[in-house]
Protein chains: 2
Amino acid sequence: MTVAAGVRRRLGKDDEVVVLERGTWTSYSACGIPYWVAGDVDSADALVARTPQEHRANGIDVRLGAEAVAIDPEARTVSVKDGDPIGYDHLVIATGAEPVRPDLPGIHGDGIHGVQSLDDGQVILDELERGPQHVVVVGSGYIGLEMAEACVARGFDTTVVERSSTVMPIIEAQLGDQVAEAMKARGIHLRTGVAVEGFTLDARGRVVAVETDEGTLPADLVILGLGVTARSSLARDAGLPLGAKGGIVVDDRQRVRGFSDIWAAGDCVVTHDRITGDLIHLPLGTHANKQGMVAADNLAAELLGQEPRLTFPGVVQTAITKFCSLEISRTGLGDKAAREAGFDPVVASIETSNFAGYMPGAGTMTVLVVADRDSRRLLGAQIVGAEDAALRIDVAATALVAGMTVDEVVMLDLAYAPPFASVWSPVQVAARAAVKALAGS
Amino acid sequence: MTVAAGVRRRLGKDDEVVVLERGTWTSYSACGIPYWVAGDVDSADALVARTPQEHRANGIDVRLGAEAVAIDPEARTVSVKDGDPIGYDHLVIATGAEPVRPDLPGIHGDGIHGVQSLDDGQVILDELERGPQHVVVVGSGYIGLEMAEACVARGFDTTVVERSSTVMPIIEAQLGDQVAEAMKARGIHLRTGVAVEGFTLDARGRVVAVETDEGTLPADLVILGLGVTARSSLARDAGLPLGAKGGIVVDDRQRVRGFSDIWAAGDCVVTHDRITGDLIHLPLGTHANKQGMVAADNLAAELLGQEPRLTFPGVVQTAITKFCSLEISRTGLGDKAAREAGFDPVVASIETSNFAGYMPGAGTMTVLVVADRDSRRLLGAQIVGAEDAALRIDVAATALVAGMTVDEVVMLDLAYAPPFASVWSPVQVAARAAVKALAGS
């Protein structure tokens, strides 16, 4: 919808902009679903940035319940289920992502839900209304963590099963352990190093247990937090190029590689990592929005014979979440990813207060940085800590894009006043530790 | 003390490190004084990072009450009041800054205090214990604002007099107006556009009123918040080079220009602005600490015949404070400073929520950015807003050092999750507004 809206704003009145949406919602925040389920947000409507009616008022022909089932790039047509094919001059694919559903016995049973759409959110809310005895969340990434918190906050017996030996595999184990402690303290049953092998269903096909390599867990509601893959079967069937996790391969103008009149943006595409150059699938709203803006700019410029202005430069894999009062964030490469990318990483971590230690209420945070031994370049950073800790990752994310060394990070002119920070900002304290580690190595 | 401690750690036991301190305190946070006066911090001791005893235990010969009164760079000696001269191989000047006391009638009366040392803090606390009827704060910069808040929080009738037409001249007027509103809402009497012309003293030499170009303000306690100048008469008398506001001129290794064995760091030196290259006096603890580290590294390296590792790269004038619940921060150049530096600035400002608008408790903030029309480079940013607003300035401060354009800021991969941020981070929303302003101009 970002693309449609962006293009609509720039085209003349005679140009048609049609959006095919197989569901009933437009322009909503999937990231807000756990907070809706938790009860922090009143209703699904609050998560909708713009309704179909609003888009129509802006001159976009939004067709709800219209499911595109095939693309013919030669004929420039899209087939619609139970409808006539539609011709196009330019096509934008924004089919998003879908929760990973591993091919395990019983996976399609009732009561086993992913979390991606507002409909998913409503289904889970309905399930919780029925009062499940045992909720099992599979996976301890962001969604797993947020959904587990939502369920336990509503008073349900909640177990998180994680295949890795620590929670949140995208942060280093030493930080994951802090998150694990917080989960246990909140009353979540945490089972790490446990692999799910299948689901036992009752006679009506409803889940009653999760089977693992360490025994059976009773469960009448299962939430899948195993990440998502691109929803790209439509693109694949049309012969479009796919990359990691099925993401459609686009150039930095969001044009599908090899197809001059097909564009794609959001959770259905791959993007490149700005540090390694690797093509990765990183489905986050922040990238989807930027990509949509870039696609709209380039598509409109092409139609209008103007110079396009925008390119999408890729990502550094910044992410943030909160578990109860514990804030968690990361950016760039972890130790393992850095090694895999051919760097010789040095990892340093420190514990510091989130503002001047003599001020009342100062909490602590752990900041970990990864630096390259050879170039001294900052490669990544991770933070776990109390209030006001996690957003500090943005300094590291900006420094990563700028290619700064840890020495340069130490000398940044960051904000300091007693209610906000110590005289050395936490990311700088960690960068100093990295400098020390580099000297000692 | 940072320099002494840094040098001490690296030298052999036979090398003497002597510190002359005319007062009784070492290594304290001057920035914490307003919070001590407000009662948020229990005692002056809490603001002391390291006591003279602790420094002595680390092998530093700290001499309290020892006032250096002259430096002889030829003879390499320092004269001490009521003591024998001391010879040196290397000299470090860290004499700090002193509050500006304009040459006005009555300025030296009792009850008129600057805020720089812990002794100043104690004197003001003692004054407040006596229960003044009318406190007048002269100046509405950081210290003026913080001290006014402290006084009004303790129940005293408090007036702030500011010569400019808006408060906090280092932020743009439109943001200063928000701060002014908050001050008035807190019960502070604010008099902007009013120049202080002198102080009326009673028979015993104690202040009873502040005279202004708009009449007399009764006052039995006056706090000067007019900034500070370098305390550099010692350096000046020794023939050392001085720059803006009396700051000692040093190179990027903190060596005094033209004097191979004299170093200086902290509030007594000038530093260069990383955007304009200008030499400026910017007395903040965050710079003082870094400069101390740099001076120690270079001095020790020289004594040990090693390669120095550190240079101080200058500043981008980042600053932050809080007035009640209103957070205020800035970095880089404002509109006027940008023009004076030869840029053709475009200023754009936006109002946004500090996290996803649908989350409970989302507050608002105003973010203003300054960009150069020609190069599209980010030149500065300013933020005024609710909780969690001001620290976001660090992204802009980092981007400034990296020389990023506003277009590059828009495409940064910053952290996003509903409890922390909207999908476009506030600094990016403002950068987008700047991009739009650049297109329209």
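Residues numbered from 1 in each chain as written. Chains lettered and ligands numbered in written order. Predicted model: local features only at pLDDT ≥ 70, side-chain atom pairs only at ≥ 80, totals over all residues. Heavy atoms only, no water.

### Regarding the UniProt feature "domain: FAD/NAD(P)-binding" (unreviewed entry) in chain A
In this numbering, the UniProt entry assigns the feature "domain: FAD/NAD(P)-binding" (unreviewed entry) to residues 8-272 of chain A. Here residues 8-272 of chain A runs as 22% helix and 26% strand, with 28 Å between its end C-alpha atoms. (UniProt positions renumbered as here; feature names shortened; annotations may be inferred. Helix = DSSP H or I, 4+ residues; strand = E, 2+ residues; numbered from the N terminus.)

### A few points about the sheet that holds strand E13 (residues 207-212) of chain A
Hydrogen bonds along the backbone pair up the strands of a sheet, which may run parallel or antiparallel. Residues and elements named next belong to chain A. With antiparallel pairing, 3 strands are arranged side by side in an open sheet as E12-E13-E14. Every interior strand has two partners, whereas the edge strands, strand E12 (196-201) and strand E14 (215-218), have only one. Sheet twist, expressed as the average angle between the axes of neighbouring strands with direction ignored, equals 25°. Relative to E14, E13 runs antiparallel, the two being bridged by 4 bridges. For Ala209, the partnering residue across the bridge sits in E14 and is Pro218. (Pairing = 2+ DSSP bridges. Axes fitted to C-alpha atoms, helices over the stretch in contact; angles between N-to-C directions.)

### As for a positive patch on the surface
A surface patch of positive charge is lined by Arg9(A), Arg50(A), Arg432(B) and Lys436(B). Looking at the secondary structure, you find Lys436(B) in helix H12 (residues 426-440). (Patch = residues over 30% accessible without salt bridge, like charges linked within 9 Å, V, L, I, M, F, W, Y side chains within 5 Å. Areas by Shrake-Rupley, 256 points an atom, 1.4 Å probe, with all protein chains shown as cover. Salt bridge = Lys/Arg side-chain N within 4 Å of Asp/Glu carboxyl O. Lys, Arg positive; Asp, Glu negative; His and termini not counted. Charge placed at Lys NZ, Arg CZ, Asp CG, Glu CD.)

### Quick notes on the nonpolar core
Formed by 194 residues in total, the largest nonpolar core has its most connected members in Val179(A), Met183(A), Ile223(A), Val179(B), Met183(B) and Ile223(B). When residues no more than four places from it in sequence are discounted, the contact partners of Ile223(A) are His113(A), Val115(A), Ile124(A), Val135(A), Val136(A), Val137(A), Val138(A), Met147(A) and Cys151(A). (Core = buried A, V, L, I, M, F, W, Y, C linked by side-chain atoms within 4.5 Å. Buried < 20%, exposed > 50% of the residue type's maximum accessible area, 1.4 Å probe, protein only. Contact = heavy atoms within 4.5 Å.)

### Some details on the relation of the copies chain B and chain A
Expressed as a screw operation, the relation of chain B to chain A combines 0.0 Å of axial shift with a rotation of 180°, fitting to an RMSD of 0.0 Å. As the rotation angle and translation indicate, the two copies are arranged about a two-fold axis. Of every C-alpha in chain B, the one belonging to Val395(B) sits nearest the axis of rotation, 2.6 Å from it. The fraction of interface residues of chain B whose copies in chain A are also interface residues reaches 100%, indicating that both copies meet through the same surface. (Least-squares fit on C-alpha atoms with pLDDT ≥ 70 in both.)

### Structural notes on the pairing of strand E12 (residues 196-201) of chain B
Residue and element names in this part refer to chain B. By the bridge criterion, 5 bridges tie E12 to strand E13 (residues 207-212) in an arrangement that is antiparallel. Within E13, the residue paired with Leu201 across the bridge is Val207. In this antiparallel pair of consecutive strands, E12 and E13, the connection spans 5 residues, and Gly205 shows a positive phi of 85°.

### Let's talk about the side chain of Glu127(B)
Relative to the assigned elements, Glu127(B) resides in helix H4 (residues 118-129). Here Glu127(B) is in contact with Gly111(B), His113(B), Pro132(B), Arg206(B), Asp220(B) and Leu221(B), once residues within four sequence places are set aside.

### Overview of the packing of aromatic side chains
The full count for this structure, using the stated rule, is 0 aromatic pairs over all chains. Geometry around Trp424(B) places Lys290(A) over its ring, the cationic atom sitting 5.0 Å from the centre. Over the face of the ring belonging to Trp424(B) we find Arg432(B), whose NZ or CZ atom lies 4.3 Å from the ring centre. (Phe/Tyr/Trp six-rings, centres within 6.5 Å; stacked < 30°, edge-to-face > 60°. Lys NZ or Arg CZ within 6 Å of the ring centre and 35° of its normal.)

### Overview of the domain arrangement of chain A
Residues and elements named next belong to chain A. Splitting chain A by domain gives domain 1 (2-23 + 65-98 + 228-304), domain 2 (112-224) and domain 3 (326-439). A separation of 36 Å is found between the C-alpha centroids of domain 1 and domain 3. Counting the surface domain 1 buries against domain 3, the share from its top three residues, Arg274, Ile275 and Thr276, is 94%. For the pair domain 1 and domain 3, the interface holds 0 salt bridges. At the boundary of domain 1 and domain 3, one finds 0 residue pairs in polar contact (both at pLDDT 80 or more). Here the side of domain 1 that touches domain 3 is built from residues that sort into 1 nonpolar, 1 polar and 2 charged. (Domains from an automatic or database assignment. Buried area = accessible area lost by both parts, 1.4 Å probe. Polar contact = N/O pair within 3.5 Å; in protein donor to acceptor, adjacent residues only side chain to side chain. Nonpolar A, V, L, I, M, F, W, Y, C, P; charged D, E, K, R; others polar.)

### Some words on the interface of chain B and chain A
Taken together, the contact pairs 60 residues of chain B with 60 residues of chain A. Summed over both partners, the interface of chain B with chain A buries about 5000 Å², with 70% contributed by carbon and sulfur atoms. When the buried area of chain B at its contact with chain A is split by residue, Met411(B), Asp413(B) and Phe420(B) rank highest and sum to 16% of it. At the boundary of chain B and chain A, one finds 0 salt bridges. Counting across the interface, chain B meets chain A through 10 residue pairs in polar contact (both at pLDDT 80 or more). Those elements giving two or more residues to the side of chain B that touches chain A turn out to be helix H8 (285-304), strand E20 (319-323), helix H10 (393-401) and H12 of chain B.

### Some details on unusual backbone geometry
Residues and elements named next belong to chain A. Phi at Arg376 takes a positive value of approximately 65°, unusual for a residue other than glycine. Mapping Arg376 onto the fold places it in the loop between strand E23 (364-372) and strand E24 (378-385). For Arg376, a relative accessible area of 29% gives the class partly exposed.

### What to know about the pairing of strand E9 (residues 135-138) of chain A
Residues and elements named next belong to chain A. What you see with E9 is no split at all: Val135 and Val137 on one side and Val136 and Val138 on the other are buried throughout. The pairing of E9 with strand E10 (residues 158-162) spans 4 bridges and is parallel. Bridging across to E10, Val138 finds its partner in Val161. Crossover connection from E9 via helix H5 (residues 142-153) to parallel E10: handedness right-handed. With 4 bridges connecting them, E9 and strand E15 (residues 221-224) associate as parallel partners. Across the sheet, the residue bridging to Val138 is Leu224, located in E15. (Right-handed = clockwise from strand over helix to strand, strands pointing away.)

### Here's the deal with the packing of helix H1 (residues 2-10) of chain A against helix H8 (residues 285-304) of chain A
All names here are of chain A. At their nearest, the axes of H1 and H8 sit 8 Å apart, and the two run at 35° to each other. Crossing geometry of H1 relative to H8 is assigned as right-handed. On H8, the residues that touch Thr2, Val3, Gly6, Val7 and Arg10 of H1 are Asn289, Gly292, Met293, Ala295, Ala296, Asp297, Leu299, Ala300, Ala301 and Leu304. Among the residues making up the contact of H1 with H8, the classes are represented as 9 nonpolar, 4 polar and 2 charged. (Left-handed = near helix turned anticlockwise from the far one by under 90°.)

### Quick word on the sheet that holds E15(A)
The strand order E8-E15-E9-E10-E11 (chain A) describes an open sheet built from 5 strands, whose pairing is parallel. Two strands in the sheet have a free side with no partner beyond their single neighbour: strand E8 (112-113) and strand E11 (189-192) of chain A.

### Some words on the environment of Ala5(A)
Take Ala5(A): it is sitting in helix H1. Non-local contacts of Ala5(A), meaning those with residues more than four positions away in its chain, are made with Arg50(A) and Ile60(A).

### Observations regarding the pattern of salt bridges
In this structure the tally under the stated criterion is 38 salt bridges over all chains. For Glu67(A), the salt bridge is made with Arg22(A), and the minimal N-O distance between the two is 3.9 Å. Of this pair, Glu67(A) sits in the loop between strand E2 (61-64) and strand E3 (68-72) while Arg22(A) sits in the loop between strand E1 (18-21) and helix H2 (33-38); the two residues are 45 residues apart in sequence, bridging distant segments of the chain. Taking relative accessible area as the criterion, Glu67(A) reaches 27% and is therefore assigned partly exposed. Between Arg376(B) and Asp407(B) there is a salt bridge, with its nearest N and O atoms 2.8 Å apart. One end of the pair, Arg376(B), is in the loop between strand E23 (364-372) and strand E24 (378-385); the other, Asp407(B), is in helix H11 (residues 406-410), and 31 residues separate them in sequence. A cluster of three or more residues bridged by salt bridges with shared partners is formed by Arg10(A), Asp297(A) and Arg309(A).

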